[in-house]
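# Inside the fold
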Amino acid sequence: MFGCLRRRWSRRRSGSLDREKTSGAGYSRVVHCNNPEIQEDDRPLYPLNAVSTTKYTIANFLPKSLFEQFRRVANLFFLVVACVSFSPLAPYRAVSILLPLVVVVGATMAKEAVEDWRRKKQDIEVNNRKVMVYDGSHAFYQTEWKKLSVGDIVRVEKDQFFPADLVLLSSSHDDGICYVETMNLDGETNLKTKQCLQVTTMLCSDHSFQKFKALIKCEDPNENLYSFVGTMHHEGTQYPLSPQQILLRDSKLRNTQHIYGLVIFSGHDTKVMQNAMDPPSKRSKIEKRMDKIIYILFTSLVVLSSTGSIFFGIQTKQDISDGKFKRWYLRPDKSSVLFDPKGASLAAFCHFLTGLMLFGCFIPISLYISIEIVKVLQSTFINNDQEMYCEESDKPARARTSNLNEELGQVNTILSDKTGTLTCNLMQFVKCSIAGVAYGSGLTAVEPGLGGLKQYCTFEIEGPSHSLAVSRRTVKSFEIDDPSHSPAVSRKTVKGFNLRDDRLMDGHWVNEPNLDFIQKFFHTLAICHTVVPVIGNKSSEIYYEAESPDEAAFVVAAREIGFEFYERTQTSISLHEFDPKIGRDVDRSYTLLNMLHFSSARKRMSVIVRDEEEQLLLFCKGADSAIFENLADDGRLFELETKRHIDEYSEAGLRTLAVAYRKLSEEEYKTWHAEFLMASNAVTADRDEMLDAAAEKIEKDFILLGATAVEDKLQTGVPECINKLAQAGIKIWVLTGDKLETAVKIGFACNLLRKGMRQIVVTLDTPDMNALEKQGRREAFEKASYESIARQLNEAHSQVTVSKEISIPFALIIDGKSLGFALSRNLENLFLDLAIRCASVICCRTSPKQKAMVTRLVKGGTRKTTLAIGDGANDVGMLQEADIGVGISGVEGMQAVMSSDFAIAQFRFLERLLLVHGHWCYRRIAAMICYFFYKNITFGFTLFCFEAYASFSGEPAYNDWYIAFYNVAFTSLPVIALGVFDKDVSSRTCLKFPLLHQDGVQNIFFSWTRIIRWMLNGICSSIIIYFLSTSSILIQAFRHDGKPAGLAELGVTMYTCVICTVNLQMALYLSYFTWIQHLFIWGSILFWFIFLVIYGFFPPAISTTAYLVFIETCYQNPFYWLTALFTVISALLPYFVYSTLQANIFPKYHDIVKRMPSTSSP
Amino acid sequence: MEMEPGSSSGSSGGSQPHSVPSRRSRAFYRFTQQNLPACKPALTPGLVIITFLLLGIICVPVGLVCLHASRSVVEIVDRYDIECIPEQYQSNKVSYIKDSMISKDCKRDLKVQSHMKAPIYIYYELENYYQNHRRYVKSRSDKQLLHGLKYRDTSLCKPQETSNGLPIVPCGLIAWSLFNDTYSFVRGTTAMNISRKNIAWKSDQDHKYGKHVYPFNSQNGSFIGGGKLDPNTPLSDQEDLIVWMRTAALPKFRKLYGRIKEDLNAGEVITVHLVNNYNTYSFGGKKKLVFTTSSWLGGKNDFLGLAYAATGFSFILVAILFALIHVKNPRPHGDAILSSWNRKTSAR
């Protein structure tokens, strides 16, 4: 999109600018700051900072929204019909078709307009926010956000939002640091530090900008929040710019008095606006099927019309035979084209068009808008459900899209993330292994899966037993940002720390033999991180703002042992620590030389510091594989023990990291640093890879220190929820990045793996394979791996198929490497076939991409609804790929939530979301659509029946306005009430009988047979209505005074029957009557009579056949009422008999549940 | 986050409501939780049996009453369109009816089968006549009927809007094809008095047809359709026209011709002198003359009564059948399904 914008700007750009240094496409932005010499015309033209998130403007609202409306086939059809209805082709006046169309389109447009107006108001508010801008000469003045332009220098005060994407020039902190909160961007509440370039640090007052001139070249606007590539040219020198200097619009300045910044992206170029794309819209299966049904209705419309026109053509042709007129009263000699017997085929064709209009009632024009209204209201119910409201985090459930409500009731497979989804993502440091010695005797919440569900029984894994440990199980976690918490109150309640070992605690570590290693170990934990310490406002105590809960846990652990991290500046990290040599606490400052951030490719992060003894140290922590591969020969002292400990930890369901360090010599550092600088100065897209490569060069020859083990507890109610979902017949797949052992443990803990299940483990982690891998012959290894996986899958498959009769549930556990092969084209189907035969599937060590691939495989392979649930950025692909994405609005930021369709606070709410809301919504929408077709067929087919008795001439049986009001007035509200309020069983019953969910999975309520049955019901009803009312009225006197009934009276009678039948049919179908349903159903019927009376009083030129028809001919006429009563009863009879027989003699599961004595009580 | 185990018990799945915020009223809470008080009808066998029984008990008597009303109506129907054509024209009825030179007079004798109480209604009945044909129905101008020549736009009336360059009042096919057979009745030797007034709907007469609108230029074309109107009677008084203009719904219909305000006794013979003007022969229609009394339910039509009675009986039968099935084979109770969550889930 911005490609074309750029083209527009570049046309205006003068060629005098030196563009040779910008490295190619995508990096063409040039920002001049304070450079009056460059003429206005020479400056590249970038948009102002005003934003507009509205879909329409006042000028284009009408055409654009009309265009949107008439993209729908049904609406377009009705528009064409409406246009044609002004011609003599029309069987009735244009109003019949125009009125419903105008109402439906108008309602939808009004909805759009209201939504857009809300956005507009928000835009106005944002655009008019105030900010201080440099006026180019000496001072700052206040202006509105919308007036900012690229190249402006702004001053942003504490707790203000940044008005545009800025380059940080300086801050009120001396070292040029500022803190930002990016809540609005990614939902993360922790503070992030940003730092300006060293050269601009001194621009710390309003006056210092007089001499400041700069030119910035950087990447073009893009949506990537976490990357930025650019350079600043200042006084002849070129400085690299990184995301570290970029302040993004909509994030907030915190803990800093003010900052100065240079606008580089404004308005819609800002990253946050670039990100504001609508997520790919998903459509539910029901709606897709609904489209098909609409096409069927179109087809039947065509069939009916053409049948009619064939008969019409034949009869018209016969009107003149041998020069004699048959039906002379039609004047066949003076006929128009439409009825000309001499051109019967043309007349028949015209009649076909008339027929399309006449039977247009087959197409439910108001279906789409009704469904939209219903779904929005359903979402409101989901959002307001108190039982899905998480009090602890004050977060309700949120339906971010209302498109998929009914899809919830059809979920067949759940693909779940583990961390943060099944677990709390509140990390506790429970164990560590230092220098081959295991510390910590904590207990894990991992449940053996053997005991009862409600027992969160704890067990010990190893180490000396401490009786006091048991009581710790009751320790509640507390809020991250809780400032009232004081660590001094009790050590037991330190969040994120649960290491119990007397050898380390209370300073006892100094007596341990491996003192030096212990010290280095905790130095790593205290230094190698990106945590920001924040001084609490009440006392001197310190909180840690961390990017991930793991990091916070490490820093807290280091503090608890005695290495308190208390200050971070741009160039240093300071600790209070106990020096065993001196024997007392000292403040030490480590000069921070380089930080090698975590990247998923390297799976580790490092820092390079210079300590007070001028020693260069590199501290590193990372995945065990990433560390063990790079150990120095003399650093492998405790490799075996540490590996064993790591295995033990992961078996206990703990998250492990390995910790290592190395000493650097000055020369080595210098050479490497130059290389690193070059990589970080690069202004190209592959800078990240270059940085990674540079980091790899120094991250080697580690000396192993040990390993950490962090516990992540299961969320409340997870096992129960999983159990319930399993009972509902939903297959649950867990896709986790954890190790196989950890995953299995968690699987048992959350009831995914149960006793009596047979486990199938597919892995490449066998001695043979490992040996083969070590040989390093890549091709051979891959071939062998492939064969091994194929063999394992085949074996498992036969095992599963053989024991199918015994019905032992199977569980499939597969690791990431194997998954890579299993997902290859040839094994894909075998893997899928095996996996869907297993009750539970656990995929471990999966990458985000694999998660999405598995999701796609399941979705495509089973053709059933998949739901993905996750909480982190790594789940985004999976959430978007699945039919439904559910985001957990937990600890790990909002990225998952932002790309999800539903957001819930905790996993356990999934149970209610699927089994209760899903069931209800599914049933409602399905019933609603079926009913819609029913009511339109009932109505439309009576017209056809009448046609057959009016020589197919296209005369409608009803007055024009009756037809006009049918869809929008007499039958619209009850069906909405059905869609919003109906429920077959209470929420308690839904949860008590989870199998009810299978109705949705097997699509019982919207199967073709059911749809066709409803359609047949409609045809039956309409035939009954037509024949009973015509046979009753027939030819004889209609009333006591001898007057027979004409077209007007028959029309009223039939229409009354139709209205009563369809509304009472609704009443018969409903199983849940609140006052709302009563009001709508009886109100609709009543409204028809009121309408009839009022309409009858209109002058005859308007009301034509309906003039006084009710008052004069019908309402005192017992014959009218008796006919209507009998007809309605008979028209409802087929459905009534069918449903009674079905419910009582061949009851389905839901019929039985509905009738259970225990559920009949409210 | 609450970490205490078992805070939501498995069986109820966390259905204990959280404490309701005090600001919300109880009713609103129930609304958002979709827990409004409601009645939940379920088709239990008991309810079904009672429904059917009740419907039957209501329908049967209603049906019998209707049937009685219909049966109390005495009706004489005489088809005369064939018989009123002289022998020599039987093979070519159309030329007979079109020949204005030949007298169309015809005499029919109707025998009264049983006593007929006044008022007796006289209808003419046409069959296979499509008054509901779209071309026919649309070919009228309501405004002209009300305002006469003042209203000039008569395009709706095509193809019968002008004749010889002058507008026609009333225009349109319906008025042009006005039924024009006439009847007079002799009872014994005295001519019977037929009331031809009040045969049209009052609202039509008062509001749809002008009191000062007189027929003009009607039936002056080369092709004469039906009856010619008296140019000196305003449209609102031309009740035959008004009756004819109220189009019938189906191809077989009756139109009211007049009333006899005296009783007719069984065995009496009524002589009908009719003028057989109207051409139904071209399209194979039928013409009938109908004498009938009326009941509170209108004319003679057994259908409604029979249908009510029959359906009512079948309702009662179904109720009994249902009761038998229910007693013999009570529906499966739901206890078994509680444990059966292993039900085949793979079945589509």
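As the structure is a prediction and not an experimental result, all values here were calculated from the model.

Spanning 25 residues, helix α20 (residues 778-802) of chain A covers 36 Å between terminal C-alpha atoms, matching the ideal 36 Å at 1.5 Å per step. Of all the positions in α20 of chain A, only F781, S785, S788, I789, A790, Q792, L793, A796, H797 and V800 of chain A are classed as buried.

Residues and elements named next belong to chain A. Examined against the element boundaries, Q318 turns out to sit in the loop between α7 (285-317) and β14 (320-321). Judged by relative accessible area, Q318 falls into the partly exposed class, the value being 40%. Taking the C-alpha atoms as reference, Q318 lies 7.1 Å from P341; in sequence the two are 23 residues apart.

Our next topic: the environment of T413 of chain A. Residues and elements named next belong to chain A. Among the structural elements, T413 can be located in strand β17 (residues 411-416). For T413, a relative accessible area of 2% gives the class buried. Taking the C-alpha atoms as reference, T413 lies 49 Å from V156; in sequence the two are 257 residues apart. Not counting the four nearest positions on each side in its chain, T413 is found in contact with I730, K731, W733, V858, T865, T866 and L867.

Residues and elements named next belong to chain B. Read across the sheet, five strands follow the order β1-β11-β3-β9-β8 without closing on themselves; strand pairing throughout is antiparallel. Either end of the sheet is taken by a strand with one partner, and the two such strands are β1 (75-79) and β8 (194-195). The sheet contact formed by strand β3 (residues 120-127) and strand β9 (residues 253-260) spans seven bridges and is antiparallel. Residue pairing across strands places Y121 opposite R259, the latter belonging to β9.

All names here are of chain A. Tracing the chain through its elements places Q792 in helix α20. In this structure Q792 comes out as buried when scored by relative accessible area, which is 15%. Contacts of Q792, omitting those with residues within four sequence positions, involve V761, V762 and T763.

Let us look at the nonpolar core. By size, the foremost hydrophobic cluster in this structure holds 147 residues, and its most contacted members are F933, Y958, Y962, L978, F1006, Y1055 and W1088 of chain A. By size, the runner-up hydrophobic cluster in this structure holds 59 residues, among which are L178, W244, M245 and F283 of chain B.

With that out of the way, let us pick up the interface of chain A and chain B. The parts lose accessible area when they come together, and the size of an interface is often stated as this lost area. In this complex, chain A contributes 125 residues to the contact, which on the side of chain B involves 117 residues. Interface of chain A and chain B: buried area, both sides summed, is about 11,000 Å²; carbon and sulfur atoms make up 62% of it. Joining chain A to chain B, the criterion identifies two salt bridges. On the surface where chain A and chain B come into contact, there are 34 residue pairs in polar contact (both at pLDDT 80 or more). Looking at the side of chain A that touches chain B element by element, the count peaks at 14 residues for helix α36 (residues 1118-1144) of chain A. Grouping the constituent residues of the side of chain A that touches chain B by class yields 64 nonpolar, 34 polar and 27 charged.

Turning our attention to the packing of aromatic side chains. All names here are of chain A. For the structure shown, the criterion picks out 97 aromatic pairs over all chains. With centroids separated by 5.5 Å and ring planes inclined at 70°, the aromatic side chains of Y934 and W1014 adopt a geometry described as edge-to-face. Remark: W1014 occurs in helix α31 (residues 1008-1033) and Y934 occurs in helix α26 (residues 909-948); sequence separation between them is 80 residues. Assessed through its relative accessible area of 6%, W1014 is described here as buried. On the numbers, 5.4 Å between centres and 80° between planes, the contact of F970 with W1088 is edge-to-face. Residue F970 is found in helix α27 (residues 960-970), and its partner W1088 is found in helix α33 (residues 1075-1096); the two are separated by 118 residues along the sequence. Like W1088, F970 is buried. Just above the ring of W145 sits the side chain of R129; from NZ or CZ to the centre is 4.9 Å. Between the NZ or CZ atom of R155 and the centre of the ring of F140, over which it lies, the distance is 5.7 Å.

This part takes up the packing of α36 of chain A against helix α2 (residues 45-71) of chain B. Packing of α36 of chain A against α2 of chain B leaves a shortest axis separation of 12 Å and a crossing angle of 155°. In terms of orientation, α36 of chain A lies roughly antiparallel with respect to α2 of chain B. The handedness of the crossing between α36 of chain A and α2 of chain B is left-handed. Contacts between α36 of chain A and α2 of chain B involve L1122, I1129, L1133, F1136, V1137, T1140 and N1144 of chain A from the former and P45, V48, T51, F52, L55, V62 and C66 of chain B from the latter. When its residues are assigned to classes, the contact of α36 of chain A with α2 of chain B shows eleven nonpolar, three polar and no charged.

Tallying each qualifying case throughout the model produces 65 salt bridges over all chains. The partner of R912 of chain A in a salt bridge is D385 of chain A, and the shortest N-O contact between them spans 2.6 Å. Separated by 527 residues along the polypeptide, R912 of chain A in helix α26 and D385 of chain A in the loop between α9 (367-384) and β16 (398-399) bring together distant segments of the chain. Judged by its relative accessible area of 2%, D385 of chain A is buried. The closest approach of N and O atoms between E675 of chain A and K697 of chain A, which form a salt bridge, is 2.6 Å. Here E675 of chain A, found in helix α15 (residues 666-681), pairs with K697 of chain A, found in helix α16 (residues 687-698); they are 22 residues apart in sequence, far enough to count as distant. Residue class for K697 of chain A comes out partly exposed when judged on its relative accessible area of 47%. Put simply, E75, E125, E127, R254, K286 and K288 of chain B are held in one network by salt bridges that share partners.

About the criteria used
Residues numbered from 1 in each chain as written. Chains lettered and ligands numbered in written order. Predicted model: local features only at pLDDT ≥ 70, side-chain atom pairs only at ≥ 80, totals over all residues. Heavy atoms only, no water. Helix = DSSP H or I, 4+ residues; strand = E, 2+ residues; numbered from the N terminus. Expected span 1.5 Å × (residues − 1). Buried < 20%, exposed > 50% of the residue type's maximum accessible area, 1.4 Å probe, protein only. Contact = heavy atoms within 4.5 Å. Pairing = 2+ DSSP bridges. Core = buried A, V, L, I, M, F, W, Y, C linked by side-chain atoms within 4.5 Å. Buried area = accessible area lost by both parts, 1.4 Å probe. Salt bridge = Lys/Arg side-chain N within 4 Å of Asp/Glu carboxyl O. Polar contact = N/O pair within 3.5 Å; in protein donor to acceptor, adjacent residues only side chain to side chain. Nonpolar A, V, L, I, M, F, W, Y, C, P; charged D, E, K, R; others polar. Phe/Tyr/Trp six-rings, centres within 6.5 Å; stacked < 30°, edge-to-face > 60°. Lys NZ or Arg CZ within 6 Å of the ring centre and 35° of its normal. Axes fitted to C-alpha atoms, helices over the stretch in contact; angles between N-to-C directions. Parallel < 35°, antiparallel > 145°, perpendicular 65-115°, else oblique. Left-handed = near helix turned anticlockwise from the far one by under 90°.

By themselves, these figures tell us nothing about what the structure is for.
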